[in-house]
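# Reading the structure
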Amino acid sequence: MRKIICLLLAVLPSVVFAADYDALRVKADRFFAQREWPSAAAMLDLMLDKRPDVASTYGRAIVVAALRGDTVAEMELMNRSIINYVPFDSTFAAVRSVSFSLGKTNLYEDFLLRTKTSEPWLSRTVDAYLMRYYAFRRNPAKMVEYSRIMLRGMSDNVDFMSTLALGLMLGGDPSLAIGVYERILQVDPDNYDALLAVGNYLSLIH
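Each value, and the rule that gives it
- Counting starts from 1 at the beginning of each chain's written sequence and moves along it residue by residue.
- In view of the model being predicted, local features appear only for residues whose pLDDT reaches at least 70, and side-chain atom pairs are presented and counted only at 80 or more, with totals across whole chains, interfaces and linings using the full set of residues.
- Working from all heavy atoms in the structure, the side-chain values ignore hydrogens and water.
- Basic side-chain nitrogens of Lys or Arg form a salt bridge, by our definition, when they fall within 4 Å of a carboxyl oxygen of Asp or Glu.
- Here a strand is any run of E in DSSP of at least two residues, a helix any run of H or I of at least four, and the numbering for each starts at the N terminus.
- Exposure categories follow from relative accessible area, calculated using a 1.4 Å probe and restricted to protein chains: below 20% of the type maximum is buried, above 50% is exposed, and the middle band is partly exposed.
- Here a cavity is any set of points on a 1 Å grid over the protein atoms alone where a 1.4 Å probe fits but cannot get out, and a pocket is any open set with protein on both sides within 12 Å along at least 5 of 7 lines; a residue lines the site when it has an atom within 4 Å of a point.
- Grid points are joined across faces, edges and corners, and a volume is the space filled by probe spheres set on the points.
- Following the grouping adopted for this structure description, the nonpolar residues are Ala, Val, Leu, Ile, Met, Phe, Trp, Tyr, Cys and Pro, the charged ones are Asp, Glu, Lys and Arg, and the polar ones are all others, Gly among them.
- Each patch is assembled from residues with relative accessible area greater than 30% and no salt bridge, linking like charges that lie within 9 Å and nonpolar side chains (Val, Leu, Ile, Met, Phe, Trp, Tyr) that lie within 5 Å.
- Only the protein chains shown count as covering a residue, and every accessible area follows the Shrake-Rupley method with a 1.4 Å probe.
- A helix's residues, less one, multiplied by 1.5 Å, set its expected span.
- For this analysis, residues touch if any pair of their heavy atoms sits within 4.5 Å.
- Note on geometry: axes are C-alpha line fits, over the in-contact stretch for helices, and angles between N-to-C directions span 0 to 180 degrees.
- Comment on the angle field: the value is read as roughly parallel under 35 degrees, roughly antiparallel over 145, roughly perpendicular from 65 to 115, and oblique elsewhere.
- Handedness of a helix crossing follows the sense of rotation of the near helix relative to the far helix, less than a right angle counterclockwise being left-handed and clockwise being right-handed.

This paragraph deals with the pattern of salt bridges. Applying the stated criterion across every chain yields a total of 7 salt bridges. With a closest N to O distance of 2.9 Å, R114 and E74 form a salt bridge. Note that R114 is positioned in helix α6 (residues 105-118) and E74 in helix α4 (residues 71-83), a separation of 40 residues in sequence. One salt bridge in this structure joins D127 and K116, with 2.7 Å as the shortest N-O distance. Taken together, the residues span a long stretch of sequence, with D127 in helix α7 (residues 123-136) and K116 in helix α6 at a distance of 11 residues. The class of D127 is buried, set by a relative accessible area of 6%.

Take a look at the structure:
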């Protein structure tokens, strides 16, 4: 009997903790769905107090802070995630998922740009995310800008060169784009996209 009581005393706190956390999550979900941002922010903050290592919670909390115009809170949350050893890739992915689900992709872009300023040591990582974001948005000027930034450190990276070539092509500069595709073929002779682009271009000018 004593063993059973000891076991119950050991397990009970974790059961209560889980119940409390689940209750907070239900409230946070409800406030988020109803777009009651101050209340959602409060619940998410309490959730992070209990479990400070959950990337998805940071993602929601950061987007809610952005929706409230609280850019200081955004960066405090990012810093908090770093302190609690949450992989920044996971935090970025969570912010992207939430902002995209709301149809407000600019919140993700703005967050990345602020993170780059607030955490300079993350600049190169953030630049890679920005490059992919601008490729997704089909923004030729930004694709060219950020792929060139990334290529400064890895001049033979096929992914970076491919983004640069596509950006140039979308931006109306096919001759420069083909030059980049030819560089890709020097590194990766079997690259399908580069072969197709060069082949199509040559067929048009001959």
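Structure shown, so let's carry the discussion forward.
We now examine the layout of surface pockets. In this structure, the largest pocket encloses a volume near 160 Å³. Sorting the residues of the lining of the largest pocket by element identifies α2 (37-50), α3 (55-67) and α4 as the ones contributing at least two each. The biggest single contributor to the lining of the largest pocket is α4, with 3 residues. Split into classes, the residues belonging to the lining of the largest pocket amount to 5 nonpolar, no polar and 4 charged.

Moving on: a nonpolar patch on the surface. A surface patch of nonpolar side chains, amounting to about 320 Å² of accessible area, comprises L202, L204 and I205. Tracing the backbone through its elements, the reader meets I205 in helix α11 (residues 192-205). I205 sits in the partly exposed class, given a relative accessible area of 46%.

Our focus in this paragraph is α7. Under the 1.5 Å per step criterion, the end-to-end length of α7 is 20 Å for 14 residues, consistent within 8% with the ideal 20 Å. The element α7 is largely enclosed, with a buried count of 10 among its 14 residues. Of the positions making up α7, those classed as buried are S123, V126, D127, A128, Y129, L130, M131, Y133, Y134 and A135. Where α7 is buried, its residues meet α5 (88-101), α6, α8 (140-151) and α9 (158-170). Taken from the residues just after α7, R138 is the one with a positive phi, measuring 55 degrees.

Further remarks concern the packing of α7 against α8. Where α7 contacts α8, the two axes come as close as 9 Å, and the packing angle between them is 150 degrees. With respect to α8, the element α7 is oriented roughly antiparallel. Pair α7 / α8 crosses with left-handed handedness. Together, R124, D127, A128, L130, M131, Y134 and A135 of α7 and K142, M143, Y146, S147, I149 and M150 of α8 make up the contact between the two elements.

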